[in-house]
Each structure stands twice: as structure tokens, then as C-alpha cells.
Amino acid sequence: MSIGDEQKELLRLVEALAAKKPPSFGKSNDGLHDARSNKYWANLLPESTKKRFQKAGIDIEGGYPAFPAQEDIPKFLDQAFSVRDKIEPFTDRGTFARPDKKALFDAALEVRDLTKHIGTEIVGLQLKDLTTEQKDDLALLVAERVVVFFRDQDLSPQNQLSLGEHYGRVEKHPQAPFVPIPSSRNDPYAQGSGVSIIWLKFLKDFYGIRKGFRFNNYPWHTDLVHERQPAGLTHLHLDLIPATGGDTVWSSGYAAYDKLSFAMKQFLDGKNAVYCSGHAYIDRNDPLSGPKFVEREHPIIRTHPVTGWKSLFVNRSMTRRIVGLLPDESDTILGYLFSVFENNLDIQVRWSWQPTKDGFGTSAIWDNRVSQHYAVGDYDVDEDERHGTRVSTLAEVPYFDNNSVSQREGLGLE
């Protein structure tokens, strides 16, 4: 067999293995049920979530959550790169809002800024009932305040998806489990409804992730930074909340940039970094070289298209290196930039999802372009359950405008 024939045979074997289901699929140790099947997990779904889905007309008898078809899940690096590789037009809905956000603010019972730099709570409004003008005002508010919260929400997954579609192209993850919304169950692209799930009890067991006090936290991160057009707004709605714990922390990219010295700002303005995907793939051209990630370059300092403010756009989980620097130089500078987000409590907001009325849920809508977030795992995954649904929209190709200003400059504070 020639070297060329050996390479072809090796690739054939790798492709055959990649086409198989993950090894985590299979029966539980007791042999009584398929512990990894979605029908099994539908039976374990919390009652509050079942009631929410039943009210919304979502049938989980066929199983929950739903999954993309196995043959349509990308296994190879080139397949992953081809997902959403075409640039799509995008206009931020915040550009249509009135600066005073009158339609939104006048309808609310109360508008509470939770900290000086980040986080606002809106009281007395239902997200499902917002008018087009109010939705646009909300987009502007999120752009300015980074994350906005709503308690006591009567919100179906369909309502959540519809709101996301108003803000842009909804991200349908080619691998992630999703809510089987009736009109989307037979999605021809097998990429889900656009409503993904946040349910650690399921995710940790299904994917074999360790449980327990020492393993429940996740690093600071920003969603989908490897995309050609990374995430803009993300909307997380929790329909089951632990009585205590399960908070989420956000940190402001605007304020992180303003923390930097003038010299550091000058150094970083206009530079790019490499950002990687959360999932790994096989390189067809070198299948034995180990897992490979989708990597794309974006500006380290990006300009928000609505506010015109500069934001520090890095995160510890998925920013690999600064383009043009030696590895040691890049690691040192990135380590410092990560710490600016993580260590400065005055540019963070910690949100407690409780309290909320019985039968209702709590929502957070944030702008991934100008933030990082951190889910605090201080609750028992099995006993104090936490379940939610998430919709993310994809925004513009990241850019840096040399004429843009920092948040403090834009607000006349410097």
C-alpha cells in the first residue's frame, strides 16, 4: 500500500469514527433505561418547566431536549468553518431608538440602575408585550448598560425566540441541544429551534462533566467569539431558580477599557487577537494531530455601533493570543487584561435570579460585544436545580473605529 493509499485509508477510518455517536450514548448501569436518551431526561424535567412548556404548546412526549441530526453535526474543522462563514447584513435595532428611551421608560413602573457602570432592572413590564418601539429602546439600553434584567416574566420559548429575531439573526448551534418548538422540530438544517437550554443537571451527566462543589464553576467568558459575526444580544430566561445561589456576574468591557492607562490604550487600539471556538474538531489534512479549534481574528478593542464607545474585547476562555507579539509577550498582556475584567468589582454586577413569582421566571438580556459573564456554581446541581432557555443573536463583524471614544469620554466624565 502506497503512502497516498495509507493516508486515504486513515482518513476513511477517521471519517467512519467521526460519524458514530459519542461514546456517552448508551444504557445506564442498571440497564432499565437509556440514561442518555432525551425521553429519559424529559421525565426528569422540573415541574415548573413542564408547566411552562405545556402552556406554550410544546410537546416533550417525544423527548427533551431535542438534538441536531447526528449526520449534520460538524466533526471536521472545514465543516465547522463553513457554518455561518458568509457575512450577513446587520443593523443594530438600538440605532432606531430615541435617546431618552421614552417608550420603554414611560411604560415601566420603575427603572433601577444596579451599579454605577453596569446593570439595570426594569420593573412592571412583560417582555412578550413590548412594542417595536419599546424593543428598540431596550436594545439601546442594553448597549449602554451592558445587561438589563426583568423579573416575574410570563414568557414562552416562542416569545423568547420572537424577541431574539427582532434583534438579528438567531444563532442556531449545530451541536447544542435545544427546545423542540413545534414549527422548528423538523428544521431542514437540523440546527435546532434557536432556543438552547441551560440545565446543568442534564449537561453535566450527558457530557460526562464532573459534578460537585469543586467543579461547578466555569471561567469568565463571552459567547461565540470565534464566529465571523460574534454574538450581539443574548437573552437567558430561567424558569427554575434555586432557592439560594445560582447567581450570575457580568463585567463591563467599556469600564474595563477605561481602567487602562493612556499608554496601554494606545498600544492596544487597532491590534487584533485570535479567538477560538469552545468545541474541537478533526483536521482532515492531519487527522492524528489532535483536536483543532475554529480560530478567527478580531480587534482587541472594538467599537460598539450604537454607542460609539470602545470596549475591551478579550476573555480568558477563548482569547488565544495577540497577533504580532511573541508568545511570552502575548501571554503577559492577556493575563493582565483578563484580570481587569475579573478583579475589579466596581465594573461588575452580580445578579440574584430570585425572587420571582410562582409560575413566572426571570430574564437577563446582555450585550456580548461589551461584556464577560460568570455563572456562580454555589448550588447543588442535582438537588437545587436551575433550568433556563437561551436565545442569542449574531451581530456585526467586529471592527475598531479610530475616531470612537471611551465610555467615560462619551459621557463627558473625562
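Quick note: structure is the one above.
Keep in mind that this is a model prediction, so the values were computed, not measured. (Residues numbered from 1 in each chain as written. Predicted model: local features only at pLDDT ≥ 70, side-chain atom pairs only at ≥ 80, totals over all residues. Heavy atoms only, no water.)

Q: How would you sum up the overall build of the protein? Please name residues and give values.
A: What the protein contains, in helices and strands, is twelve helices and 16 strands. Looking at the protein as a whole, 51% of its 414 residues qualify as buried. (Helix = DSSP H or I, 4+ residues; strand = E, 2+ residues; numbered from the N terminus. Buried < 20%, exposed > 50% of the residue type's maximum accessible area, 1.4 Å probe, protein only.)

Q: Outline helix α6 (residues 132-145), supporting the account with residue identities and numerical values.
A: Taking 1.5 Å as the rise per residue, α6 with 14 residues should run 20 Å; its terminal C-alpha atoms sit 20 Å apart, in good agreement. Along α6, eleven of the 14 residues are buried, which leaves the element largely enclosed by surrounding structure. Residues of α6 that are buried include every one of Gln134, Lys135, Asp136, Asp137, Leu138, Ala139, Leu140, Leu141, Val142, Ala143 and Arg145, and no others. (Expected span 1.5 Å × (residues − 1).)

Q: For the side chain of His221, give the residues involved together with the corresponding values.
A: Here His221 shows up in the loop between α8 (200-206) and β6 (231-240). Of the polar contacts made by the side chain of His221, one reaches the backbone oxygen of Pro219; its length is 3.1 Å. Of the polar contacts made by the side chain of His221, one reaches the side chain of Asp223; its length is 3.5 Å. The residues touching His221, leaving out its near neighbours within four places in the chain, are Asn315, Ser317, Gln372 and His373. (Polar contact = N/O pair within 3.5 Å; in protein donor to acceptor, adjacent residues only side chain to side chain. Contact = heavy atoms within 4.5 Å.)

Q: Talk me through the nonpolar core; I want residue IDs and the actual numbers.
A: Leu268, Tyr275, Ile300, Leu312, Val314 and Leu337 are the most contacted members of the largest nonpolar core, which totals 23 residues. Every element with two or more residues in this core is listed here: α9 (253-259), β8 (272-281) and α11 (327-343). Considering each element in turn, this core owes the most residues, six residues, to α11. Excluding residues that lie within four positions of it along the chain, Leu268 makes contacts with Leu260, Ile300, Ile301, Leu312, Ile333 and Leu337. Among the nonpolar cores identified, the runner-up in size contains 22 residues, and Leu45, Val195, Phe206 and Val381 belong to it. (Core = buried A, V, L, I, M, F, W, Y, C linked by side-chain atoms within 4.5 Å.)

Q: Which residues make up the packing of α6 against helix α7 (residues 157-167), and what values go with them?
A: Packing of α6 against α7 brings their axes to within 11 Å, and their N-to-C directions diverge by 70°. One way to sum up the angle between α6 and α7 is to call them roughly perpendicular. In this structure, α6 contributes Thr132, Lys135, Asp136, Leu138 and Ala139 to the contact, and α7 contributes Leu163, His166 and Tyr167. In the contact of α6 with α7, the residues fall into four nonpolar, two polar and two charged. (Axes fitted to C-alpha atoms, helices over the stretch in contact; angles between N-to-C directions. Parallel < 35°, antiparallel > 145°, perpendicular 65-115°, else oblique. Nonpolar A, V, L, I, M, F, W, Y, C, P; charged D, E, K, R; others polar.)

Q: Give a description of unusual backbone geometry that names residues and reports values.
A: Residue Pro65 is reached from Tyr64 by a cis peptide bond, and omega for that bond is -5°. Relative to the elements of secondary structure, Pro65 occurs in the loop between α3 (47-55) and α4 (77-82). The phi torsion at Lys101 lies on the positive side, around 55°, for a residue other than glycine. With a relative accessible area of 6%, Lys101 lands in the buried category.

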